[in-house]
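# Structure at a glance
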Amino acid sequence: MLGSTEFPVLSKEGDITIGGVFSIHSQISKPLLSFTNDSESLICSRINFREFRFAQTMIFAIQEINNSSSLLPNISIGYKVYDSCGSTLPSMRAVMGLMNGQERTLDKTCSGQSSVHAIIGASESSSTIAMLQISGVFKIPISHFATCACLSNRKEYPSFFRTIPSDYYQSRAIAKLVKHFGWTWVGVVRSDNDYGNNGMETFIAAASHEGVCVEYSEAISRTDPSWRVERAVRAIHDGTARVLVAFLAQGEMDILLEEALRQNLTGLQWVGSESWITAGHLAIERYSGILTGSLGFAIRKTLITGLQEFLLKVNPSQNPQSDLLREFWEAIIGCSFKSKFYVQKQCSGSERLEDNSNPFTDVSQLRISNNVYKAVYAVAHAMHNMLRCGPNVALILFCYEASIPNGEQLIMNEQSTTWASESPKMPHSVCSESCLPGFRQAVIQDKPICCFSCIACAAGEISNSNPAECSRCPLEFWSNEDHSQCVPKVIEFLSFVETMGALLTAFSLLGASSTLLVLCVFFRFHHTPLVKASNSELSFLLLFSLTLCFLCPLTFIGRPTEWSCMLRHTAFGITFALCISCILAKTLAVVIAFKAKSPANTLMQCSAPLQKITVLSCTLLQVLVCVLWLLLAPPFPFKNTAHATERIILQCNLGSPIGFWAMLGYVGLLAMLCFILAFLARKVPDNFNEAKFITFSMLIFCAVWLTFIPAYVSSPGKFTVAVEIFAMLGSSFGLLCCIFAPKCYILLLKPERNTKKHMMGRNQKI
């Protein structure tokens with residue numbers, strides 16, 4: 001059956017007239033356009049039961065209002081329903097007819113006032129935009145199904161209202177839905193009109209923000225030639241994305257599905273827009289292999305009391321002159337009113353609609369029908385207020401709440417979800433698999449951001465919660481072996497339990513024990529000429545200071561603390577200053593004893609106070625240096641993270657490098673002075689020339705500490721401390737061996753040489 005778009009298909013007179021524009025037919029003929037003759041009439045075909053239900057819902061709401069005693073009392077509402085055929089041109093003709101009466105009567109004089117007070121429609125965004133461009137001056141349209149976000153532009157469409165949310169919210173919600181399931185690689189197809197283009201533009205922008213990439217984007221129109229639709233389906237079929245976002249109006253969805261059946265396009269997870277996701281005519285076995293498991297956001301459904309009873313009463317007998325009612329009856333019953341020999345079933349008009357299962361009488365999913373119902377009541381309330389309060393009352397409509405915080409906007413029950421191809425397993429659609437912990441994403445040239453390669457994180461970096469990039473660990477942490485988490489850095493210091501620390505401790509205790517053993521030997525033979533000639537008091541003090549020098553390295557081993565840092569360097573400086581001061585005093589005594597011409601007793605009486613003064617003054621000067629160092633800038637423990645990135649070196653900061661080098665330089669100065677004096681006295685005639693042994697000991701001492709300086713500066717971490725301990729132990733062992741080993745040899749193994757006569761002899765050698 002065919003219908004015309006020039007006259008209202010359903011109408012009724014009233015005090016107030018509401019116009020309606022619905023896509024009652026889904027196909028339209030294309031007339032030849034001529035600039036010399038009147039254009040041909042547009043002929044529509046293939047009745048759309050759902051859109052026809054929308055029109056009947058509008059009539060039902062008007063009937064309810066007319067029967068109401070509280071809303072617009074004593075005022076009747078009429079209606080004029082036009083068929084837009086889902087196309088722009090019929091919509092423009094329809095709105096012209098609604099404003100001026102019959103659209104083709106161009107010889108009428110325009111009165112400047114519309115013949116209708118409001119228009120409900122149209123169902124398509126493009127048709128609504130075309131209507132607004134003509135009727136906007138009258139400020140009368142309210143749409144129930146035009147969702148294009150472009151219509152929210154109040155500057156271009158200041159008079160437009162609608163009872164359905166803008167696609168701006170739906171597009172963003174679909175992007176969040178796709179991201180929710182981890183589908184970062186999707187294909188998209190859209191209607192090539194305002195609805196599809198604007199909706200998809202918003203979706204792609206939102207998807208990009210969510211980290212979702214689009215592999216391909218296809219656009220089709222219901223008026224496209226078949227080869228264009230075939231090409232679009234082939235592109236979808238050849239794509240690698242397993243998720244397809246379809247922002248399509250019903251007309252484009254129908255032709256796409258037919259081509260998808262022809263090319264056997266199965267196994268895709270469909271995500272649909274509101275225009276088709278709840279369409280009952282698509283939920284049939286024919287399309288189940290393609291659309292099973294489709295996801296989308298549905299418009300809130302409701303129950304309209306009395307609507308089903310009203311729809312069941314629709315019958316050609318209501319208006320025998322209506323071609324539309326007869327066409328509807330023939331299509332829904334499957335009969336014909338025309339008497340032709342090839343007609344298998346003749347229509348009587350007495351058939352029952354309740355005996356047929358069809359989209360027209362199905363009121364279980366009232367979504368768009370409810371929007372039509374609300375639009376009629378919105379107009380009625382606005383008219384009621386205007387008539388009651390005067391013409392200055394504003395019309396306020398309340399359409400959609402989108403203020404729910406992020407993270408709470410998407411709530412769904414996934415337990416009962418059936419996915420594509422009736423699989424219980426959720427589809428997987430990504431361009432590149434997510435990087436494992438310890439790797440980061442690296443963009444591939446000329447590819448979307450969802451296509452990437454995985455590169456291992458650098459040392460000290462991890463990737464776990466955000467695999468897109470590696471994050472550097474905090475200062476005191478380091479990455480583990482697989483770079484998946486930050487772990488505390490290894491704290492490094494010279495400890496007693498490690499091999500090097502244990503060996504140094506053992507050598508330190510060995511040196512101290514050896515020194516104490518020598519002390520015992522000297523105490524045992526303190527009455528002998530050799531010990532007396534060596535100045536027993538000074539020798540005992542020297543052995544005591546050497547014992548401290550051997551024990552001093554123990555303060556350098558172990559975890560540095562505030563007290564140990566201050567103790568280790570000051571103890572080192574003072575004990576070594578005391579030791580070298582004692583040797584210096586012994587050297588002075590040797591030089592004075594063999595260079596002076598005064599008697600021996602007088603000499604001994606004069607040299608003893610000089611030795612004590614030398615030891616005391618030289619030691620006190622070092623004590624003063626250390627006290628000033630501790631008062632002004634004392635050493636302190638600190639965590640060195642600059643030298644080694646993968647570990648923390650716990651060491652003592654010198655506080656004042658000047659204080660450290662002044663302390664060390666003073667010890668070196670004493671050693672050099674002692675070496676010079678001993679060298680000058682090396683040829684003193686004596687069988688036991690102590691100056692010669694002091695010369696050797698100072699030579700070793702100076703060589704060790706001169707070697708220490710470059711090694712100390714260049715050694716990393718705990719090896720800096722180890723080098724300092726090596727220097728202390730080496731120089732201490734050098735002093736002990738060179739000065740006291742020859743004496744112990746005579747005392748223990750050659751007692752016959754431990755006589756005053758032998759020691760004063762000039763010709764015999766040791």
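Residues numbered from 1 in each chain as written. Predicted model: local features only at pLDDT ≥ 70, side-chain atom pairs only at ≥ 80, totals over all residues. Heavy atoms only, no water.

As annotated in an unreviewed UniProt entry, the protein is G-protein coupled receptors family 3 profile domain-containing protein from Gasterosteus aculeatus aculeatus. Within the UniProt record for the protein, the comment given under Subcellular location (unreviewed entry) is "Cell membrane". UniProt, in the comment section headed Sequence similarities (unreviewed entry), describes the protein in these words: "Belongs to the G-protein coupled receptor 3 family." (UniProt positions renumbered as here; feature names shortened; annotations may be inferred.)

## So, helix H4 (residues 167–180)
Given 3.6 residues to a turn, an α-helix orients residues that are three or four positions apart in the same direction. Compared with an ideal rise of 1.5 Å per residue, which puts 14 residues at 20 Å, H4 spans 19 Å between its outermost C-alpha atoms and is within 8% of the ideal. Within H4, the full set of buried residues consists of Asp167, Gln170, Ser171, Ala173, Ile174, Ala175, Leu177 and Val178. Buried residues in H4 make contact with strand E10 (185–191), helix H5 (194–210), strand E12 (243–247), strand E13 (269–272), helix H8 (274–277) and strand E14 (295–296). The first or second residue beyond H4 is Gly182, which carries a positive phi of 75 degrees. (Helix = DSSP H or I, 4+ residues; strand = E, 2+ residues; numbered from the N terminus. Expected span 1.5 Å × (residues − 1). Buried < 20%, exposed > 50% of the residue type's maximum accessible area, 1.4 Å probe, protein only. Contact = heavy atoms within 4.5 Å.)

## Let's talk about the pattern of salt bridges
Enumeration according to the criterion identifies 15 salt bridges in this entry. The partner of Glu230 in a salt bridge is Arg262, with the nearest N and O atoms 3.4 Å apart. Of this pair, Glu230 sits in helix H6 (residues 226–238) while Arg262 is found in helix H7 (residues 250–262), placing the two residues 32 residues apart along the sequence. Classification of Arg262 as exposed rests on a relative accessible area of 54%. Here the salt bridges share partners, and the residues they tie into one network are Glu230, Arg234, Glu259 and Arg262. (Salt bridge = Lys/Arg side-chain N within 4 Å of Asp/Glu carboxyl O.)

## Let's talk about the sheet that holds strand E23 (residues 647–653)
Pairing is mixed across the open sheet formed by three strands, whose spatial order is E21-E23-E22. Across the chains shown, the open sheet's two edge strands, defined by having one partner strand only, are strand E21 (490–492) and strand E22 (636–640). Neighbour to neighbour, the strand axes of the sheet diverge by 25 degrees on average, direction disregarded. (Pairing = 2+ DSSP bridges. Axes fitted to C-alpha atoms, helices over the stretch in contact; angles between N-to-C directions.)

## Re the packing of helix H18 (residues 657–680) against helix H19 (residues 690–714)
Across the interface, H18 lies against H19 with an axial gap of 8 Å and an inter-helix angle of 150 degrees. Considered as vectors, H18 and H19 are oriented roughly antiparallel to each other. Between H18 and H19 lies a crossing of left-handed hand. For the pair formed by H18 and H19, the contact residues are Phe660, Trp661, Leu664, Val667, Ala671, Met672, Cys674, Phe675, Ala678 and Phe679 on the first element and Ala691, Ile694, Thr695, Met698, Leu699, Phe701, Cys702, Trp705, Phe708, Ile709 and Tyr712 on the second. Here the contact of H18 with H19 is built from residues that sort into 20 nonpolar, one polar and no charged. (Parallel < 35°, antiparallel > 145°, perpendicular 65-115°, else oblique. Left-handed = near helix turned anticlockwise from the far one by under 90°. Nonpolar A, V, L, I, M, F, W, Y, C, P; charged D, E, K, R; others polar.)

## What to know about helix H13 (residues 499–524)
With 26 residues, H13 should cover 38 Å at 1.5 Å per step; its first-to-last C-alpha distance of 37 Å lies within 8% of that length. Residues of H13 that are buried: Gly501, Leu504, Thr505, Ser508, Gly511, Ala512, Thr515, Val518, Val521 and Phe522. Of the surrounding elements, those touching the buried residues of H13 are helix H14 (529–533), helix H15 (536–551) and helix H20 (718–749).

## A word on the state of the cysteines
By the definition in use, this model includes nine disulfides. Two residues, Cys457 and Cys470, share a disulfide whose sulfurs are 2.0 Å apart. On the sign convention where negative is left-handed, the bridge of Cys457 and Cys470, at about -80 degrees about the S-S bond, is left-handed. With Cys457 in the loop between strand E16 (452–456) and strand E17 (461–462) and Cys470 in the loop between E17 and strand E18 (471–472), the pair connects residues that are 13 residues apart, well separated along the chain. Overall, Cys470 belongs to the buried group, its relative accessible area being 17%. (Disulfide = S-S within 2.5 Å.)

## With respect to unusual backbone geometry
For the peptide bond that leads from Gly121 to Ala122, omega is 0 degrees, which places it in the cis range. Relative to the elements of secondary structure, Ala122 occurs in the loop between strand E7 (118–120) and helix H3 (125–135). Here the phi dihedral of Cys85 falls at roughly 55 degrees; this positive angle occurs in a residue that is not glycine. If you trace the backbone, Cys85 turns up in the loop between strand E6 (77–83) and helix H2 (88–100). The class for Cys85 is buried, based on a relative accessible area of 1%. For Asn264, which is not glycine, the phi torsion reads 55 degrees and is therefore positive.

## Here we look at a nonpolar patch on the surface
Residues Leu621, Leu624, Val627, Leu628, Leu631 and Leu632 make up a contiguous nonpolar surface patch of roughly 610 Å² in combined accessible area. Topologically, Leu631 is positioned in helix H17 (residues 600–632). By relative accessible area, Leu631 is classed as exposed at 65%. (Patch = residues over 30% accessible without salt bridge, like charges linked within 9 Å, V, L, I, M, F, W, Y side chains within 5 Å. Areas by Shrake-Rupley, 256 points an atom, 1.4 Å probe, with all protein chains shown as cover.)

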